[in-house]
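Coordinates in review
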Amino acid sequence: MLESTQDVGATPPLSQRIHQIRASLPSQVLLVAVTKQVEVGRMRLAYQAGIRDFAESRVQDLHEKKNSLRTSRT
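The rules we used
- Residues numbered from 1 in each chain as written.
- Predicted model: local features only at pLDDT ≥ 70, side-chain atom pairs only at ≥ 80, totals over all residues.
- Heavy atoms only, no water.
- Helix = DSSP H or I, 4+ residues; strand = E, 2+ residues; numbered from the N terminus.
- Buried < 20%, exposed > 50% of the residue type's maximum accessible area, 1.4 Å probe, protein only.
- Contact = heavy atoms within 4.5 Å.
- Areas by Shrake-Rupley, 256 points an atom, 1.4 Å probe, with all protein chains shown as cover.
- Phe/Tyr/Trp six-rings, centres within 6.5 Å; stacked < 30°, edge-to-face > 60°.
- Lys NZ or Arg CZ within 6 Å of the ring centre and 35° of its normal.
- Salt bridge = Lys/Arg side-chain N within 4 Å of Asp/Glu carboxyl O.
- pLDDT = per-residue confidence, 0-100.

This part covers the overall build of the chain. Tallying secondary structure elements over the chain gives three helices and two strands in all. Counting helices and strands in the order they occur from the N terminus, the chain gives α-β-α-β-α. Residues counted as buried form 15% of the 74 residues belonging to the chain. Sequence separation of at least 24 residues holds for 43% of the intrachain contacts in the chain that already meet a minimum separation of 6. With the model as given, the accessible surface of the chain reaches about 6,300 Å², and the carbon-plus-sulfur share is 53%.

Another aspect to go through is the environment of Phe54. Structurally, the position occupied by Phe54 is in strand S2 (residues 54–55). Sequence separation between Phe54 and Lys36 is 18 residues; the distance between their C-alpha atoms is 9.7 Å. Excluding its chain neighbours within four sequence positions, the residues that come into contact with Phe54 are Val32, Ala33, Thr35, Met43, Ala46 and Tyr47.

Turning our eyes to something else, we now look at the packing of aromatic side chains. Applying the stated criterion to the full structure yields zero aromatic pairs. Residue placement shows Arg52 over the ring face of Tyr47; its charged tip is 3.6 Å from the ring centre.

Moving on, we come to the pattern of salt bridges. Counted under the stated rule, the structure contains one salt bridge. The partner of Lys65 in a salt bridge is Glu56, with the nearest N and O atoms 2.9 Å apart. Each member of the pair, Lys65 together with Glu56, is buried.

For the rest of this paragraph, the subject is the confidence of the model for the chain. In this model, the chain carries a mean pLDDT of 84, and residues with pLDDT of at least 70 account for 82%. Ranking the elements of the chain by mean pLDDT puts helix H3 (residues 59–71) last, at 87, and strand S1 (residues 33–34) first, at 94. The low-confidence segment residues 1–5 (pLDDT under 50) makes zero contacts with residues lying over four places distant or belonging to another chain.

Written as structure tokens, this is what we have:
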């Protein structure tokens with residue numbers, strides 16, 4: 001059995017994880033956030049961290065999330 005020295009419960013903030021992923025990708029790769037079963041608040045955090053491309057598997061969910069994001073802008 002392998003032992004981990006990293007605290008399993010310690011997840012870096014979403015913006016930090018996005019930055020780390022982007023830094024590891026070649027510049028020609030488009031990072032797309034898949035939002036199936038993701039709350040609008042988490043999508044907003046991803047947007048604030050620079051994500052501009054989202055994917056949703058159900059059109060109805062896409063429309064609901066899109067409308068929710070539009071109406072909650074400040």
